[in-house]
Every structure is written in structure tokens, then in C-alpha cells.
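Each chain, written out:
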Amino acid sequence: MPVDPQLRALDIEIPTQPEVLVKLSLLMADEDIDLQAVSSLVETDMALAAAVLKAVNSSLYGLRGRVQTVHQALTYLGMREVAAITFEMGLRAAFPPAAELEPVWSRAAKRGLLMGRMGQMLGVDPWASHSAGLFEECGKAVLYRHAPGHYPAMLRAAGSDKELVQLEHTAFGVSHDALGAALCESWGLAPAAVASVRYHVQVQHELQMPEAMQRRGVGAISLVAWTLMNKPEALDETVMEIAPQAQLDETLMLRAARRVEEQLQQAESRGR
């Protein structure tokens, strides 16, 4: 999906993809993914490997026993989830540490996991689903880095992402959803992930996918994950509304959402 070319005229820097993630993307594109090659690649960057292991051992995954190597993490969690955690840590490292962004990164980790597992259950590209969840709010980090003195107040003032988008347009002429899609595209994410990030605020607000959104499965999963995290009481209604728009089975989607939510609750209870 092409990103609005007007973004290139704005004085807002989109960070480049770290070299280790470029190499990881190439490995993940292979039909026969080399477990040892992925493990060795991540471990060449000591800071990144340490961050990955810290994330793997968090309550989000609730593993029994402490994982001490990247190879162990790959064995316990599988290639996709460890690769996604590596992307998450690489994305975080592309921006300066900031307390205001911690909630963004925390939500990204949970949403990515929810979406990747739902995608796997529903036969919707789990790698694109997981990465879309990780990158959904990354445009906020782009704007924070661009205007660290001004943007935190906007984050606090907005009661919803819809309100935040309006504030961003007024202040910068662009919003975090468009910037997030631009970053996804420049980092080589799948078109379905780019589209999901670009339209996620609109879909959350309207429960309706725009005509321009051609690859809809990931976007539908994104909305369901957001609902699980923010309005769980509306899950049934949301699934019944969005699943047909993506040509997904409502019953299977609802079952997948509840199963993944249960998995995360169990992991968090084990991790305490």
C-alpha cells in the first residue's frame, strides 16, 4: 500500500531499520527457516539479545523456568514469536527511552502477541498480524522524538486515539497512524500489516473498513485485539460486525479471540 507522498515533504524523520532486523527479515522470508542462523544473528547483538531474553522471561509469556539463551527461547516459543520480540526490541531501540512511551511499548507487546496467535488460529498471515500489532502505535514514538517538548501534553490531553489524530493533524499536518504506516513500509513489513496500521484508528472508531483497505484479515484481527484490551464487554458485537467485512467466520474468530485471551491470562498468572 503506498504511503501518502506528502509525508516525505514533512520535516519528520522516520528511523531506518537496524541492520540486524534487515537480516532477520531475510531469514524469515525463507521457506525453510534456519533456527541456528536466527539464534546466531540475534546473539551477535548483545544488547538486543539481552532485551529479547528479558521480554521472553516476562509475565506476558509465563514460561515455566527461566530461559537463558536465545536458542532456548526459540525452542519454547517458536520462530515467529521470538522474531517478533526481536523486532519489538529493535523498534524500541530506534527511539530514545521515555517514560511517556512505556505504555505504548507495553500495549504493543500484548497486542502483537494477541494478533499473531489469532492470525495463526484463523489462517491469516500470523507474521503480518503480529508485526502489525507491534507497530500499530509506533507513529506516536515518531512524533514524540520529533517534538519531545510538545507531544507528551498531546498524549495526556487526548481521550482517545481519534481525538489524538485530530490534535496531531492540527499541530503537525500528519497523524501517528499515517506515520506508523510509513515506518512499516520503510522497514519492509507486509502490505497487510502496513494497511492495518494505516487504518486502525478509523476502523476502531467506525467499526467499518474503508474501501481502500484491500487486505482486510489483519485489520479485522487488529480491531478484535484492541477490543479485547479496551472494551472486552463489546467483543461479541465487534466480531459480528467486523468478521464479515474480512470474509472471516464469526464463530471461529470469536473462539480464537477467547482462546488467546485465556492463554495470556494463564501466562500472566504463572508469571506472577
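For clarity, every value in this text was computed on a predicted model and none was experimentally measured.

Parameters and conventions
Residues numbered from 1 in each chain as written. Predicted model: local features only at pLDDT ≥ 70, side-chain atom pairs only at ≥ 80, totals over all residues. Heavy atoms only, no water. Axes fitted to C-alpha atoms, helices over the stretch in contact; angles between N-to-C directions. Helix = DSSP H or I, 4+ residues; strand = E, 2+ residues; numbered from the N terminus. Parallel < 35°, antiparallel > 145°, perpendicular 65-115°, else oblique. Left-handed = near helix turned anticlockwise from the far one by under 90°. Contact = heavy atoms within 4.5 Å. Nonpolar A, V, L, I, M, F, W, Y, C, P; charged D, E, K, R; others polar. Phe/Tyr/Trp six-rings, centres within 6.5 Å; stacked < 30°, edge-to-face > 60°. Buried < 20%, exposed > 50% of the residue type's maximum accessible area, 1.4 Å probe, protein only. Lys NZ or Arg CZ within 6 Å of the ring centre and 35° of its normal. UniProt positions renumbered as here; feature names shortened; annotations may be inferred. Salt bridge = Lys/Arg side-chain N within 4 Å of Asp/Glu carboxyl O. Domains from an automatic or database assignment.

Novice: Even after reading the chapter, I still don't get the packing of helix H10 (residues 161-172) against helix H12 (residues 191-206), so can you show me in this structure?
Specialist: A pair of packed helices can be characterised by two numbers: the angle between their axes and the separation between those axes. Relative to each other, H10 and H12 sit at 135°, their axes nearing to 9 Å. Considering their axes alone, H10 and H12 lie oblique with respect to each other. Between H10 and H12 the crossing geometry is left-handed. Contacts between H10 and H12 involve Asp161, Lys162 and Val165 from the former and His200, Val201, Gln204 and His205 from the latter. Along the lines of polarity and charge, the residues of the contact of H10 with H12 split into two nonpolar, three polar and two charged.

Novice: What is the right way to read the environment of valine 174 from this model?
Specialist: With respect to the helices, strands and loops of the structure, valine 174 is situated in the loop between H10 and helix H11 (176-186). When the C-alpha atoms of valine 174 and leucine 143 are compared, they prove to be 9.5 Å apart, with 31 residues separating the residues in sequence.

Novice: Quick question: what am I supposed to make of the packing of aromatic side chains here?
Specialist: We describe a pair of aromatic rings using the distance from one ring centre to the other and the angle between the two ring planes. With the rule as written, the count across this model stands at four aromatic pairs. Ring plane angle 35° and centroid distance 6.0 Å describe the contact between phenylalanine 95 and tryptophan 105, whose orientation is recorded as tilted. Taken together, the positions of phenylalanine 95 in the loop between helix H5 (79-93) and helix H6 (102-122) and tryptophan 105 in helix H6 put the pair ten residues apart, joining distant regions of the chain. Judged by its relative accessible area of 5%, phenylalanine 95 is buried. Residue classification places tryptophan 105 among the buried residues on the basis of a relative accessible area of 5%. An angle of 55° between the planes, with centres 6.2 Å apart, marks the rings of tyrosine 151 and phenylalanine 172 as tilted. Of the two residues, tyrosine 151 sits in helix H9 (residues 151-157) while phenylalanine 172 sits in helix H10, which places them 21 residues apart along the sequence. Summarising the burial analysis for this pair, tyrosine 151 and phenylalanine 172 share the class buried. Looking at arginine 198, its charged tip hangs above the ring of tyrosine 199, at a distance of 5.6 Å from the centre.

Novice: What exactly am I supposed to notice about the UniProt feature "domain: HDOD" (unreviewed entry) in the protein here?
Specialist: Listed under "domain: HDOD" (unreviewed entry) in the UniProt record, and renumbered for this structure, are residues 14-203. In residues 14-203, the share of helix is 72% and the share of strand is 0%. The end C-alpha atoms are 24 Å apart.

Novice: Teacher, can you tell me more about the pattern of salt bridges here?
Specialist: Opposite charge on two side chains makes pairing possible when the charged atoms of those side chains draw close. Overall, the coordinates contain twelve salt bridges when judged by the stated rule. When the shortest N-O distance is used, the salt bridge between arginine 259 and glutamate 262 registers 3.2 Å. Of this pair, arginine 259 and glutamate 262 both sit in helix H15 (residues 250-271), three residues apart, which is roughly one turn of that helix. Among the residues examined, glutamate 262 registers a relative accessible area of 35% and is labelled partly exposed.

Novice: Explanation requested: the domain arrangement of the protein in the structure shown.
Specialist: Quite often, the size of an interface is put as the accessible area lost when its parts meet. On domain assignment, one finds that the protein holds domain 1 (1-94) and domain 2 (98-271). Between the C-alpha centres of domain 1 and domain 2 the distance comes to 19 Å. Across the contact, 31 residues belong to domain 1 and 40 residues belong to domain 2. In this structure, the connection of domain 1 to domain 2 is made through three salt bridges. Linking arginine 92 and glutamate 102 is a salt bridge whose minimum nitrogen-to-oxygen distance equals 2.7 Å.

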